[in-house]
Amino acid sequence: MQIRCTINSRPYRFECEPEERLLDVVRRLGMLSVKKGCGEGECGTCSLFFNGKLVNSCLLLAPQMQGAEIVTLEGLQKETETIRENFAKEGAVQCGFCTPGFVMRAYDYIIHEGSKDEKRVKEALDGNICRCTGYQKIVEAIVKSMS
Amino acid sequence: MSLVGQSVVRVDAASKSDGTLEYTDDLDFEGLYGAVVRSTIAHGNILSITFDETFDFSDFVIVDHRDIEGRNANVMLTDDQPFLAETKVRFIGEPILLLAHRSQRMLKEALKHIDITYEPLTPVLTVQESLDCKTLLYGDDNLFKTIRTEKGEEPDYTALKSLEKHYSTPHQEQLYMETQSMIARYCDGAVRIVGSMQCPFYVESALFALTGKKIEVEQAPTGGGFGGKEDYPSLIAAYVYLLSKKAKQDVKLVYDRAEDISFTTKRHPSALHYKSHFDETGKLHALDIEITLDGGAYVTLTPVVLARAVLHAAGFYDCGYIKVDARAVATNTPPNGAFRGFGAPQVIFGIERHMDDIARCLGISPMEVRERNLPHSRSVSVTGAKIGEYTRLRTLFETTRKASGFDEKEAAGTPYKGIGMALFMHGGGFTGEGETLLASKVWLDLHDNGMVEIRIGSVEMGQGTLTALPQIVADVLALPITMIRYHLPNTAKVADSGPTVASRTVMIVGELLREAANALKEALGRYGSEAEYLDAVRAYLKSGAQSRFQAAYQKPDTVQWDEEHFYGNGYDGYSLGCYVAEVEVDPVDYRVRVSDFYAYNDVGKVVNPMMAEGQVEGGVAQGIGYALYERIAYQDGKLRSSRLSDYSVPLAADLPKLHIAFLNTDEPSKGLGELPMDGPAAAIGNALTHALDTAFDNLTITPEVVEQKCR
């Protein structure tokens, strides 16, 4: 089926199979910051903005992309610059596979809530799994990005 | 100012956080996708394989064991594991056939049209069934390995008290966020392997056995390993190699999460039996320990995991007589393997729970029992070697005890709240003669622009190698870190510095790099500024002298090992940990919350404090998961918890604020990768035992377990 949508403010028109996942489609189109971690909405590595809402792209199907506005980390480089710098400076990056997803989650949290309360930040991270860091430095980087 | 000891920002942080770093599945790829056809029964003979005639298999590449030119054996410690099953299968998920196709969708479809019939044999699914030997899976006793060690004189038991207890620990899944992934690049009849791995030279050597040829192996950026990418990638590299060779095209194989959880190696479950004899003050006089590990269907790394369990089984406590009987058994479950800690987290749970149980038995504080048994200058370890770390261990114990306010909190006895400690060590590097057998080498290449290039096989998988090792080299040469180059290894271009495992990278490889850097520095002569350095480099290289500086591992005199009697000092050095957990139990739903956690460590000189803290935070999180959350469930040999929604790992909100400290002595740097995984489960088990005054001897301590214990 043919899909028309915008990804990172650019119009896209492409063919896809109806059962394809959004995750696979955006990766095929070159948005490789979107990673495949679990395929069932548990780990958050494939996070992207879908019509303004942060979602796990492994849980949506390609037909849902029709007319949608999709933004991945590739399209948010400027907006996430401070967050990314703080992730590096605070030691919140280890193997890095989950990091783009966490940067997206941090950006979403900061623009929508922005409370520096560590407990709130931790709760906001409940859709993202990191197996390397123990999250502490991720939380610190997010809090620092709000100062 | 010295670069070693500074929190240098990771060199790969920017490319990881902006999403531009390309992991295996992100690399340019034009070719076929691979898939593995696996056994659906736990034990049996393959009778026939039928391809459905109504399905068109003509454009599929199909590989079975007959396509292997060399040996069908993934040789690690032994050669019992075939790459592809020939006539027999030994676990659910054992690879039998390989398929490749351009379309992943067609590949999935094709899997439904292959029918394998078996003659089922009785599966051996538990350790007890294996020990009963009614069905033989390995040798004439189903034992992959036994180790027996005994040191000291048996005491006169008459005036002593005794305690006998069983403890157990379960499987644990590494759950690296990037699943196992491998690509074979095909070019003019030759195949090059690129993928996610910890040990490129292990993969090279496995492919050598498979093909009789040296195949180039390149590590791609690797999204975590924790031991799960130590030996396993050799199998998947062989699969893409075989498919690519037959297809004459590139082949990529990326496991999905359920496949990864179900069929790759995990931490060995253990059954532990501790019998101790002690006097009324809590002083240990004898320890009799039995360790049984479930090895799964093939030997893989199990004998070494068992050895490490034995070496850590008595902790560093002073005890006149120690006997250990350890064995690893074969079962018809997926082979178990390396996972951060490598046999130590199991037995540290055993010995540290047991120290608390002795205290409970005597009605004294767990601190008192530990204090009475701290080693001194004459104390010897489980293998008869002097415990040279006795002063460091005592300092660490006292510092942590005080900082955590342990004694007051323990005495307080608040309902549903508890506090527990674990005091432990971890040997860095390979056990026994292992490092000597590895004979690791490093190269440092000096370029005419003054750049120094590290060429070794050690990998970055998240732990910070790409930053820490250049720090060490730059430190010796008094250069900025930007003058040191270090790329992910390709076996055709680097020295074999050994595998990236066993907390050996900074401790062993870092030390070799320091040696090579010192040789380089000496060759250049005196220089003050960077400009003088560049002049010295030009002058040196102009003289036509060797631009490669090397160092190779040589066994220090302190390491003396007798493998046959399991006697001597099995390690180059030990790192130490003292962890305190505070827990709260919800009296309504029996959930356990770790409310505070102290992780104090002595790892000698800390190379990069920020990254070191990161290692501890991550290791403790995995340890908390091991204690309270992570549960692998098998049913009739089939893994029932193959998804992330079934296998819970800690999330951010599940973890307490960690208090982390390093004693940061001027001793040489010791291993740190594994240490923080060793202690948390024991500290939490002890804290829960304190909170509810009932012993928690078996992991995983889920709310259901707590509820049952409280009945």
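Quick caveat: nothing in here was measured; it's all calculated off a predicted structure. (Residues numbered from 1 in each chain as written. Chains lettered and ligands numbered in written order. Predicted model: local features only at pLDDT ≥ 70, side-chain atom pairs only at ≥ 80, totals over all residues. Heavy atoms only, no water.)

### Re the layout of surface pockets
All names here are of chain B.
Then, number 1: Roughly 770 Å³ of volume is contained in the second largest pocket.
Then, number 2: Lining of the second largest pocket is provided by 34 residues; of these, Leu77, Val304, Phe430, Gly434 and Leu437 occupy positions nearest its centre.
Then, number 3: Where the lining of the second largest pocket is concerned, the elements lending two or more residues are β7 (143-151), α4 (200-211), α7 (302-312) and α12 (434-438).
Then, number 4: In terms of residues, the lining of the second largest pocket owes the most to one element, α7, which gives 5 residues.
Then, number 5: Here the residues of the lining of the second largest pocket are counted per class, giving 21 nonpolar, 6 polar and 7 charged. (1 Å grid on protein atoms, 1.4 Å probe; cavity = no way out; pocket = protein on both sides within 12 Å on 5 of 7 lines; lining within 4 Å. Points joined across faces, edges and corners; volume = space filled by probe spheres on them. Helix = DSSP H or I, 4+ residues; strand = E, 2+ residues; numbered from the N terminus. Nonpolar A, V, L, I, M, F, W, Y, C, P; charged D, E, K, R; others polar.)

### A short note on the pattern of salt bridges
Then, number 1: On inspection of all chains with the given rule, the structure shows 62 salt bridges over all chains.
Then, number 2: Across the salt bridge formed by Asp12 of chain B and Arg10 of chain B, the nearest N and O atoms sit 2.9 Å from each other. Across this residue pair, the class does not change: Asp12 of chain B and Arg10 of chain B are buried.
Then, number 3: Where Arg401 of chain B meets Glu371 of chain B, a salt bridge forms, and the shortest distance between an N and an O atom there is 3.3 Å. Taken as a pair, Arg401 of chain B in helix α10 (residues 390-403) and Glu371 of chain B in helix α9 (residues 366-372) lie far apart in primary sequence, 30 residues in all.
Then, number 4: A residue is classified by how much of its surface remains accessible, and Arg401 of chain B, at 17% relative accessible area, is buried.
Then, number 5: Through salt bridges that share partners, Arg21, Asp24, Arg27, Lys35 and Lys36 of chain A together with Asp25, Asp26 and Lys252 of chain B make up one connected network. (Salt bridge = Lys/Arg side-chain N within 4 Å of Asp/Glu carboxyl O. Buried < 20%, exposed > 50% of the residue type's maximum accessible area, 1.4 Å probe, protein only.)

### Digging into helix α18 (residues 680-692) of chain B
All names here are of chain B.
Then, number 1: Between its first and last C-alpha atoms α18 spans 18 Å; for 13 residues at 1.5 Å apiece the expected length is 18 Å, and the two agree.
Then, number 2: Of all the 13 residues making up α18, 12 are buried; the element is thus mostly covered by neighbouring parts of the structure.
Then, number 3: What α18 keeps buried is the set Pro680, Ala681, Ala682, Ala683, Ile684, Gly685, Asn686, Ala687, Leu688, Thr689, Ala691 and Leu692. (Expected span 1.5 Å × (residues − 1).)

### Concerning the side chain of Glu630 of chain B
Then, number 1: For Glu630 of chain B, the location among the structural elements is in the loop between α16 (609-629) and β25 (634-635).
Then, number 2: A relative accessible area of 1% places Glu630 of chain B in the buried class.
Then, number 3: At 3.0 Å, the side chain of Glu630 of chain B and the side chain of Gln172 of chain B are in polar contact.
Then, number 4: Aside from chain neighbours lying at most four places away, what touches Glu630 of chain B is Arg131 of chain A together with Gln172, Glu173, Gln622, Gly625, Tyr647, Ser648, Val649, Pro650 and Thr700 of chain B. (Polar contact = N/O pair within 3.5 Å; in protein donor to acceptor, adjacent residues only side chain to side chain. Contact = heavy atoms within 4.5 Å.)

### Here we look at empty space enclosed by the protein
Residues and elements named next belong to chain B.
Then, number 1: Taken as a whole and assessed by the stated rule, the structure comprises 12 cavities of 30 Å³ or more.
Then, number 2: As a volume, the largest cavity reaches approximately 670 Å³.
Then, number 3: Lining of the largest cavity is provided by 42 residues; of these, Gln463, Ser503, Gln615, Leu672 and Gly673 occupy positions nearest its centre.
Then, number 4: Mapped onto the lining of the largest cavity, the elements with two or more residues apiece are α13 (465-477), α14 (505-524) and α16.
Then, number 5: Among the elements that make up the lining of the largest cavity, the one with the highest residue count is α16 (5 residues).

### Some thoughts on the packing of aromatic side chains
Then, number 1: With the rule as written, the count across this model stands at 21 aromatic pairs over all chains.
Then, number 2: Plain terms: the ring middles of Phe49 of chain A and Tyr107 of chain A are 6.0 Å apart, the flat faces sit at 90° to each other, and that makes the pair edge-to-face. Of the two residues, Phe49 of chain A sits in strand β3 (residues 47-50) while Tyr107 of chain A sits in helix α3 (residues 99-112), which places them 58 residues apart along the sequence. Neither Phe49 of chain A nor Tyr107 of chain A differs from the other in exposure class; each is buried.
Then, number 3: Between the aromatic rings of Phe91 of chain B and Tyr298 of chain B, the centroid separation amounts to 6.3 Å while the plane-to-plane angle is 80°, which identifies the pairing as edge-to-face. Separated by 207 residues along the polypeptide, Phe91 of chain B in the loop between β4 (88-89) and β5 (95-101) and Tyr298 of chain B in the loop between β14 (284-296) and α7 bring together distant segments of the chain. Each member of the pair, Phe91 of chain B as well as Tyr298 of chain B, is classed as buried.
Then, number 4: Within the aromatic cluster, the residues linked to one another by ring pairs are Phe51, Phe55, Phe57 and Phe60 of chain B. (Phe/Tyr/Trp six-rings, centres within 6.5 Å; stacked < 30°, edge-to-face > 60°.)

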